[in-house]
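So you can see what is in the structure, the chains are spelled out below.
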Amino acid sequence: MARTFTCNEEIIVVSKGAEDTGKLAMLGYGGKFDPSVIPEIQPSIPAGVVMHFAAATPPKGWLKADGSAIARTDYADLFAVVGTAFGTGDGSTTFNLPDLRGEFIRGFDDGRGVDSSRVLGSNQSDAFASHTHPYYYMTPEIPSDGDYGVPGNSTGTHRQKTSLDTSASGGSETRPRNVALLVCIKY
């Protein structure tokens, strides 16, 4: 269903039709689609923006965030934003893109104090806070031979409280449920 607006004697149509899917089109009185007046949205997205895409290849104006070394001059706008935060490339003519393949993104601490030892562009390996899962069980009554005796126990038998840790279980990493999408960076 199209929504129609009138502006300066031209008709602006926002449509979900096959010819102009997802585009803002201006039609003159002749009623023909004129792609030359479609506003370009991408130039308003600044270099360095990272987005996820449900496609195997990046759209025009985007690069895969795969750690590649790219030319500082060819991608000057992006280099001006990220510099060498994700790698110096060859040290003079190239720089590295962030490598976000298979990574969860964590917000930069930037003085908050939650993850204060980090610098922009640094990465962390996986971690899981050290802990155990103890469980306790009581042994059957056994005769007291002095080594196991409980002070004040007049029957000569007692139950022994034993502590053990559970066996390890799980996979090779800790992760939430997730969906894999292509991570790209605007240049």
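Residues numbered from 1 in each chain as written. Predicted model: local features only at pLDDT ≥ 70, side-chain atom pairs only at ≥ 80, totals over all residues. Heavy atoms only, no water.

### Describing the overall build of the chain
Scanning the chain from N- to C-terminus turns up one helix and 13 strands. Ordering the α and β elements of the chain from the N terminus gives β-β-β-β-β-β-β-α-β-β-β-β-β-β. Within the span of the chain, comprising 187 residues, buried residues form 19% of the whole. Sequence separation of at least 24 residues holds for 48% of the intrachain contacts in the chain that already meet a minimum separation of 6. (Helix = DSSP H or I, 4+ residues; strand = E, 2+ residues; numbered from the N terminus. Buried < 20%, exposed > 50% of the residue type's maximum accessible area, 1.4 Å probe, protein only. Contact = heavy atoms within 4.5 Å.)

### Re the packing of aromatic side chains
Under the counting rule described, the total for this entry stands at three aromatic pairs. Ring centres 5.1 Å apart and planes at 70° place the aromatic pair Phe53 and Trp62 in the edge-to-face group. The same class applies to Phe53 and to Trp62, which are both buried. Centroid distance Phe79 to Phe95: 5.0 Å. Interplanar angle 50°. Geometry classified as tilted. (Phe/Tyr/Trp six-rings, centres within 6.5 Å; stacked < 30°, edge-to-face > 60°.)

### A short note on unusual backbone geometry
With phi around 50°, Asp110 is a residue other than glycine that occupies positive phi space. Among the residues examined, Asp110 registers a relative accessible area of 62% and is labelled exposed.

### Details of the environment of His131
Note on placement: His131 falls in the loop between β8 (94-96) and β9 (134-138). Under the relative-accessibility criterion, His131 is labelled partly exposed at 42%. Here the side chain of His131 touches Ala129 through a polar contact of 2.8 Å, landing on its backbone oxygen. (Polar contact = N/O pair within 3.5 Å; in protein donor to acceptor, adjacent residues only side chain to side chain.)

### Structural notes on the confidence of the model for the chain
Here the chain averages 76 in pLDDT, and 61% of its residues register 70 or above. Low confidence marks residues 1-16, where pLDDT is under 50. Its contacts with residues over four positions away, or in another chain, come to 35 contacts. Note on residues 147-154: pLDDT is under 50 here. Beyond four places in sequence and across chains, it has seven contacts. (pLDDT = per-residue confidence, 0-100.)

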